[in-house]
Amino acid sequence: MNSTQALSRNTILDSVRANQPAAQPMPTIPHFHTNHFQTNQPADLVAAFSESIARMAGVVVTEDVPDLDSFLRARFPDAKVICSAIPEYAGTIKPANLNHWSEASTIDVCVVRSPMGVAETGSVLLSDTELQVNTIAFLAHDLVVLLDPKQIVPNVHDAYEHPHFKLRSYSVLMTGPSGSGDIGAIVVHPAQGVKSLTVLLKPPPNVGKRTG
Amino acid sequence: MSRPVDQAKNAETFLADTVHEQRLDTLLWAARMRRAAARQVPEWEELRTLASEIKEHTLSNLSDYMIQFEARATANGVIVHWARDAHEHNQIAYDILAEQEINLLIKSKSMLTEECELRPFLERRGIRVTETDLGERIQQLDNQPPAHITGPAIHKTNQDVAVLFSQKYGSDPNNEDTAYLAGVMRENTRPDILNARAGMTGANFVVAETGAMVVATNEGNADLSANTPQLHICSVGIEKIIPTTESLAVFIRLLARSATGDAITQYTSMFRGPRKGASMHVILVDNGRSARLGMKRFWHSLKCIRCAACMNTCPVYRRSGGLSYGSTYMGPIGIIMMPTFEIRKYSELPFASTLNDSCTNVCPVKIDIHEQIYGWREVMEENDQIQVVKKEAMRVADKVLSHPALYQIATTTLSTALEVLPHFAIYNRLNAWGKHRDVPEAGAETFHAWYRTHRPKTNEEVRRG
C-alpha cells in the first residue's frame, strides 16, 4: 500500500471510529422453519421448489430422463454445441476445451449439476467448482441444470449454510433465466444471460434410482 | 455555490406531460402492490426487525468490520483500495485500468458509480464504458442519469425506447415490442461483453466474515461483467458491509420482495476472489458516509439496502418522476440522503414529501424515513442562511419600527453587515427589508401589530368572516 492509500485508509477508519454510534448488539438469527417450508419431507420440498422456480420462468422436469442426450436433442433440436460440465455426459465439448472464457458464447446448450436447490425461492446453487468456466452458465443460449431432489433445502437461511459460500471464489443462486423488467416493467427473457433455464430433478448416477 | 434543486418546479414540467406522468404512476403503484408477495412470508415483520438490528450492530461497529473485511478479502487474493471521496474513487479505478492500457469497460449498474460520476471521468480520459443493465444502458444512450434506483428507465415508454434505439442502433423505430427491444440491446451489447478486458460492478452487500462481494441482478449482467474479462473492479460504499453469511440470508429474503415482489432476484451472486490468472479489486468508498454516521438524527439512513420500495409507494415520487429531484438518489430515501452530500444544493428536497409515512412502513430495514424528512426540514429552517437572514431582518424591522429613535443607528449597523454578508444574503436582506420600508409612516404601531392587520387571512378566519 502506497502512502496516499495508507493516508486514505487511516483517514476513513479514524473518521468512522470517531463517528460510529455506541455499539449495539448482534441479534440471534433463527432459521424460521415455522412456515410452509417447515417440513423436510422431500416430496413437499420438490413441490415447493417447482412452484417457486415456475414463478421465475424456470422449467422443472420431474419425470425420469433415462437418456440425457436424446432428451437434449429433442428439446433443443437446433443445438450444435452442447457443453457438458458433468462427468456422466460427454456433450460436444467440455469446459476445459474453451481457450478463453468469452468463447462460451459459442455454446448453444450448457449442462451442469447443482449441489443444492432452495424450495422457498426456486434457486439452484452453482459455483466455479461445478462450472469450471463460470461464463458457460451465462453466455450459453440455454442452460440445463441437474439437481438431486434430496439436495433441496427449505429456505434461504438453510441455503447460506452451504460451504460453497465460504470456500468458493464464485458462487451464485440462480433462479430462472436472465430477465429484465426495465422496459415498461414487463419482464422479458432473455436480457443479457441465458434464454431458458431447465432443471432436471435427477440424482447423480452413483446414487442409484430415487424412490417415491 | 450551486443553486438548490427546485424539485417542485421540475415536477410541474413532468406533470404537464400526462402520458409519462400517468404511466409512471400506474407502473409504480403496480410494483407497490406486488409487494403483497412479501405477505407470503409469515415472519416478514420479524425479518425487518432483524435486518434493522443487524445493520445497526454493523454500523455501530463499522471500523472493526471494515478491518475484518479488508483482511479476509486480501487473504482471498483481492486488492483492497480506500477512497475518501468520489474523485479518489474515480482516480483509483482509472489508474487500475490505465495500468493495463484498457480502453473499454463493461459495467453493471451501480448507484455508487453514479454518485461518483465515474463514467464521464473515465470517458474524458479515453476509456469507453458500456453499461450492461438494460435500463441503465437506455439512460446512458439517452444521456440521462437513472430516474429510479432499480428501474433506471422506468419513466420511459416503449415508444421512447424504440425511437432511441433506432437512432443509436438503427433498429426499427416502429417496433415497440418489449422482447424485440431487449433483443436489440442484447445483440448490440454482447460484442462489448466479449471484447472488454475489464468489468466493473457495485455490490449490494459485502460480507466481513468471508471477504465476499454480493450482487443481485435479474439480467445476469453483473456475472457477465465480472466473469468474462480477466479484471474485475468492485466499488462498494462502506455502509454495505454486513457481518456474516448467516446474516446475508435475512437481507436476501427482504431485498427482492421489497423491490419487485419476487422472492429473489434471478441472479444472487457472490464474488470472493479472482480466478487463476485474473485479478480482482475492491474500492471501499467513504464519500461522506463516515460523517453521516456521526449525525445523531440521520445516521439510520445508512441502513438502506436500495430496494426502492419507498419510491414506489411515495405519491410525490410517483407523480413527479425521478429526474425532478436532480440528484443521484431520489424519492423518500433520496431526500434524506442527498443533503448529507451538499446541504445547500439539496436544501429544498426534504419538502418534496407529504409526510404520509408510507415510506417508513414499507422500508425493509425500518429506517424512520418520514421522521428524518421532518428532521431535515428543521435543519434547513435552522441552518439555511437565507432563512436566518430573513428572520434577523424581521427581528430588526420589528425593533426599529417600534422604536423610531433607533432608526438612524440601525442604518449604520446594516451597512457594516452588508459588507461581510455573501451576495445572496444581502439580496435577501434587502428584499425582506424593502418589503416593509414604507411602514415608518404608521408611527408607533409595531411591526407585529402592522403584520397582524396586513397578513393574508387564514382559512379559519375567512370562514369566521
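Conventions and cut-offs
Residues numbered from 1 in each chain as written. Chains lettered and ligands numbered in written order. Predicted model: local features only at pLDDT ≥ 70, side-chain atom pairs only at ≥ 80, totals over all residues. Heavy atoms only, no water. Helix = DSSP H or I, 4+ residues; strand = E, 2+ residues; numbered from the N terminus. Buried < 20%, exposed > 50% of the residue type's maximum accessible area, 1.4 Å probe, protein only. Contact = heavy atoms within 4.5 Å. Areas by Shrake-Rupley, 256 points an atom, 1.4 Å probe, with all protein chains shown as cover. Expected span 1.5 Å × (residues − 1). Pairing = 2+ DSSP bridges. Axes fitted to C-alpha atoms, helices over the stretch in contact; angles between N-to-C directions. Lys, Arg positive; Asp, Glu negative; His and termini not counted. Salt bridge = Lys/Arg side-chain N within 4 Å of Asp/Glu carboxyl O. Polar contact = N/O pair within 3.5 Å; in protein donor to acceptor, adjacent residues only side chain to side chain.

K.L.:
Lay out the overall build of chain B in plain terms, naming residues and giving numbers.
P.N.:
For chain B, the helix and strand inventory stands at 23 helices and 10 strands. Among the 465 residues that make up chain B, the fraction classed as buried is 59%. Considering only residue pairs separated by 6 or more positions, chain B has 74% of its internal contacts joining residues 24 or more positions apart. When the accessible surface of chain B is totalled, it reaches about 18,900 Å², and 51% of it is carbon and sulfur.

K.L.:
An account of the environment of Val 285 of chain B is needed here, citing residue identities and associated values.
P.N.:
Position of Val 285 of chain B relative to the elements: it lies in strand S10 (residues 279-285). Remark: the alpha-carbon pair of Val 285 of chain B and Ser 235 of chain B, spanning 50 residues in sequence, is separated by 7.2 Å.

K.L.:
Could you give an account of helix H12 (residues 245-259) of chain B, naming the residues involved and the relevant values?
P.N.:
Residue and element names in this part refer to chain B. Between its first and last C-alpha atoms H12 spans 21 Å; for 15 residues at 1.5 Å apiece the expected length is 21 Å, and the two agree. Of all 15 residues making up H12, 14 are buried, and the element is well covered by its neighbours. Note on H12: the residue one or two positions beyond its end, Gly 261, has a positive phi of about 95°.

K.L.:
Outline the sheet that holds strand S4 (residues 198-201) of chain B, supporting the account with residue identities and numerical values.
P.N.:
All names here are of chain B. Pairing is parallel in the open sheet, where six strands are placed in the order S1-S10-S7-S4-S2-S3. Sheet topology places strand S1 (78-83) and strand S3 (128-131) at the edges, where each strand pairs with a single neighbour. With direction set aside, neighbouring strand axes in the sheet form an average angle of 25°. Of the pairings in the sheet, the one linking strand S2 (residues 104-107) to S3 comprises four bridges and is parallel in character. Bridging across to S3, Leu 105 finds its partner in Val 129. In the packing of helix H5 (residues 86-99) onto the sheet, the strands contacted are S1, S2, S4, strand S7 (231-237) and S10, and the crossing angle to S1 comes to about 145°.

K.L.:
Please provide a residue-by-residue account of helix H18 (residues 369-383) of chain B, values included.
P.N.:
Between its first and last C-alpha, H18 of chain B extends 20 Å over 15 residues, near the 21 Å set by a 1.5 Å rise per residue. Listed in full, the buried residues belonging to H18 of chain B are Ile 369, His 370, Gln 372, Ile 373, Gly 375, Trp 376, Arg 377, Val 379 and Met 380 of chain B.

K.L.:
Tell me about the side chain of Arg 377 of chain B, residues and numbers included.
P.N.:
Residue and element names in this part refer to chain B. By the secondary structure assignment, Arg 377 is in helix H18. For the buried Arg 377, no salt bridge exists, and the shortest N-O distance to an oppositely charged side chain is 9.1 Å, to Glu 381. When sequence neighbours within four positions are dropped, the list of residues in contact with Arg 377 reads Pro 350, Phe 351, Ser 353 and Leu 355.

K.L.:
Tell me about the side chain of Ser 301 of chain B, residues and numbers included.
P.N.:
Residue and element names in this part refer to chain B. Mapped onto the elements of the fold, Ser 301 is located in the loop between helix H13 (289-293) and helix H14 (309-313). Among the residues examined, Ser 301 registers a relative accessible area of 1% and is labelled buried. Side-chain polar atoms of Ser 301 contact the backbone oxygen of Phe 298, separated by 3.1 Å. If sequence neighbours within four positions are ignored, Ser 301 has contacts with Arg 292, Ile 333, Ile 336, Met 337, Ile 367 and Gln 372.

K.L.:
Help me get a handle on the pairing of S10 of chain B, residues and values and all.
P.N.:
All names here are of chain B. Most of S10 sits out of view: six of its seven residues are buried. Pairing geometry for S1 and S10, over six bridges, is parallel. Pairing of Val 80 across the sheet is with Val 282, part of S10. The pairing of S7 with S10 spans seven bridges and is parallel. What sits directly across from Ser 235, in S10, is Ile 283.

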